[in-house]
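For reference, the chains in residue letters:
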Amino acid sequence: MTQINYNETVMDHFMNPRNMGEMENPDAVGEAGNPVCGDVMKIFLKIENDRIIDVKFKTFGCGAAIASSSMATELMKGKTIEEALKITNEKVTEALGGLPEAKLHCSLLAEEALKVAIENYRSKRKKGE
Ligand code: FES
């Protein structure tokens, strides 16, 4: 087995993930899975006036997936929907100070789950729910 070395920021977010858990009555929910490893992330958003005022996540995945979910949720808090859509996995990885090459794909889960959640929010609004 190859040893994966994570930097301190990644280890911190992996060991003490921010915003982990479930949310009651979220305004939007999004889920994304990684077909290669089978890991899954679910994200819950509270949105007011098109701004993300709270966010929670649940990730069933590796250390890099948990750390990037944690960092991604920190980045999206307080952002408008438009701004949040610009949070790419590169931005999350950068904020983490980098991820080992073999683990870069793990940070995609957060970006994808967020996009699904925003689509979910927009379609609910269209339906007037
Ligand atoms: Fe599956 Fe990292 S190995 S998300």
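Residues numbered from 1 in each chain as written. Predicted model: local features only at pLDDT ≥ 70, side-chain atom pairs only at ≥ 80, totals over all residues. Heavy atoms only, no water.

All right, on to unusual backbone geometry then. The backbone phi angle of Asn-19 is positive, close to 65 degrees, even though this residue is not glycine. With respect to the helices and strands, the residue Asn-19 is situated in the loop between α1 (8–15) and β1 (28–33). Even without a glycine there, the phi angle at Asn-25 is positive, about 45 degrees. Mapped onto the elements, Asn-25 comes out in the loop between α1 and β1. Asn-25 sits in the exposed class, given a relative accessible area of 62%. (Helix = DSSP H or I, 4+ residues; strand = E, 2+ residues; numbered from the N terminus. Buried < 20%, exposed > 50% of the residue type's maximum accessible area, 1.4 Å probe, protein only.)

Let us look at helix α5 (residues 108–126). Here α5 spans 27 Å end to end across 19 residues, near enough to the 27 Å set by a 1.5 Å rise per residue. Every buried residue of α5 is listed here: Leu-109, Ala-110, Glu-111, Ala-113, Leu-114, Ala-117, Ile-118 and Tyr-121. Turning to α5, the residues buried within the fold contact β1, β2 (40–48), β3 (51–60), α2 (63–76), α3 (81–84) and α4 (89–95). Among the residues trailing α5, Gly-128 stands out with phi positive, at a value near 75 degrees. (Expected span 1.5 Å × (residues − 1). Contact = heavy atoms within 4.5 Å.)

So, on to the sheet that holds β1. In sheet architecture, strand pairing relies on hydrogen bonds along the backbone and comes in two forms, parallel and antiparallel. The 3 strands are arranged β1-β2-β3 in an open sheet whose pairing can be described as antiparallel. Two strands close off the open sheet at either side, each with one partner strand: β1 and β3. Taking the axes of each pair of neighbouring strands and ignoring which way they run, one obtains an average angle of 20 degrees across the sheet. As paired elements, β2 and β3 share 9 bridges and run antiparallel to each other. For Lys-42, the partnering residue across the bridge sits in β3 and is Lys-58. Each of β2 and β3 touches α2; the most contacted strand, β3, lies at about 175 degrees to it. Strand contacts of α5: β1, β2 and β3, with the helix running at about 145 degrees to β1, the strand carrying the most contacts. (Pairing = 2+ DSSP bridges. Axes fitted to C-alpha atoms, helices over the stretch in contact; angles between N-to-C directions.)

Here we take up the environment of Lys-56. Secondary-structure assignment places Lys-56 in strand β3. Taking the C-alpha atoms as reference, Lys-56 lies 8.9 Å from Lys-46; in sequence the two are 10 residues apart.

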